[in-house]
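# Close look at the chain arrangement
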Amino acid sequence: MKCRLCNSELRDQKSDSQGRKYQICSSCELIQLDKSLWLSDEEEKDRYLLHENSTDNKGYIRYLNNIIQNSFSPYLKPRSRVLDFGCGPEKTWAGLLEDKGYQVSTYDPYFDDQSDWMEDKFDAISAIEVFEHIASPSESLNTLCSCLNPENFLIIRTMLHDSKWNNFSKWWYREDPTHISFYSKATIDFICLKWNLKLIQIIENCEIVLKKI
Ligand SMILES: [Zn+2]
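The sections below set out a description of the structure shown in this document.

Our next topic: the overall build of the protein. For the protein, the helix and strand inventory stands at six helices and 11 strands. Over its C-alpha trace the protein gives a radius of gyration of 17 Å, about what one expects of a compact globule, namely 17 Å for 213 residues. With respect to the three principal axes, the spread of C-alpha positions in the protein is 45 × 40 × 30 Å. Within the protein, buried positions represent 48% of all 213 residues. Taking all contacts inside the protein whose residues are at least 6 apart in sequence as the whole, residues at least 24 apart take part in 62%. In the protein, the 26 positive side-chain charges and the 33 negative ones have mean positions that sit 6 Å from each other.

Attention now goes to the coordination of the zinc ion. For the zinc ion, the protein coordination sphere consists of Cys3 (SG), Cys6 (SG), Cys25 (SG) and Cys28 (SG), at 2.3 Å. Around the zinc ion, the four donor atoms sit at angles spanning 101 to 115°, and that spread fits a shape best called tetrahedral. Motif for the zinc ion, donor spacing along one chain: C-x2-C-x18-C-x2-C. With cysteine 6 in the segment before strand E1 (12–15) and cysteine 28 in the loop between strand E2 (21–24) and strand E3 (31–33), the pair connects residues that are 22 residues apart, well separated along the chain. Of the two residues examined, cysteine 6 and cysteine 28, each falls in the buried class.

As summarised here, the arrangement of the six strands in space is E5-E4-E6-E7-E11-E10, forming an open sheet in which the pairing is mixed. Looking at strand neighbours, the two that pair on one side only are strand E5 (103–107) and strand E10 (197–203), the edges of this open sheet. Direction aside, the axes of adjacent strands within the sheet are offset by 20° on average. The sheet contacts of helix H2 (residues 58–72) involve strand E4 (81–85), strand E6 (122–128), strand E7 (148–157), E10 and strand E11 (207–212), and relative to E11 the element is tilted by about 35°. Sheet strands in contact with helix H4 (residues 137–146) are E4, E6, E7, E10 and E11, and its direction is about 135° off that of E7.

Criteria and thresholds
Residues numbered from 1 in each chain as written. Predicted model: local features only at pLDDT ≥ 70, side-chain atom pairs only at ≥ 80, totals over all residues. Heavy atoms only, no water. Helix = DSSP H or I, 4+ residues; strand = E, 2+ residues; numbered from the N terminus. Rg over C-alpha atoms; globule rule 2.2 N^0.38 Å. Buried < 20%, exposed > 50% of the residue type's maximum accessible area, 1.4 Å probe, protein only. Contact = heavy atoms within 4.5 Å. Lys, Arg positive; Asp, Glu negative; His and termini not counted. Charge placed at Lys NZ, Arg CZ, Asp CG, Glu CD. Donors = N, O, S within 2.8 Å, 3.2 Å for Na, K, Ca; no water. Tetrahedral: all angles 85-135°; square planar, octahedral: opposite > 155°, others 65-115°. Pairing = 2+ DSSP bridges. Axes fitted to C-alpha atoms, helices over the stretch in contact; angles between N-to-C directions.

Encoded structure:
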């Protein structure tokens, strides 16, 4: 079996205390939930519809505004073109970006499945709480990075693991059954090297700004 990010042979498999199996890549440190435990597309879509990610949720809006303040405003000019990859059913994040004056396109495999954007270029692509759901990160990064020119940004929010199985095996972030791919700082470094990106900042071990070089 090959790593779905770096294509190395996967030799390390571990189980947590509930017997959930994970493949661990010793090369790029991607950890993936065993495919036998992934939800079906229908089950996955139903889970996303349960998320409380609407504009009525004040805590969620505050959280998104923080991301704009920390990871968008310092790097992007007003009117910049942004693709929100994995926009979800409510498009709350895309709406907030539009309110701030960005020109926003959206894509979601379940809720906004069109591919016009793949021929386009963007000043930034955001993937907020998306990468942990991605089955083949390598394919997604190929597509996303083809839509960025040098000096453009890829802004990802996903929680990074600390490379220690003991901590990972007790980590709450794994409990969501739609979370199947987990990255460490070393994984981000690998992504930068392979896709010609430069790490600009990581905030609170989860908010990652990368710049195409
Ligand atoms: Zn790997």
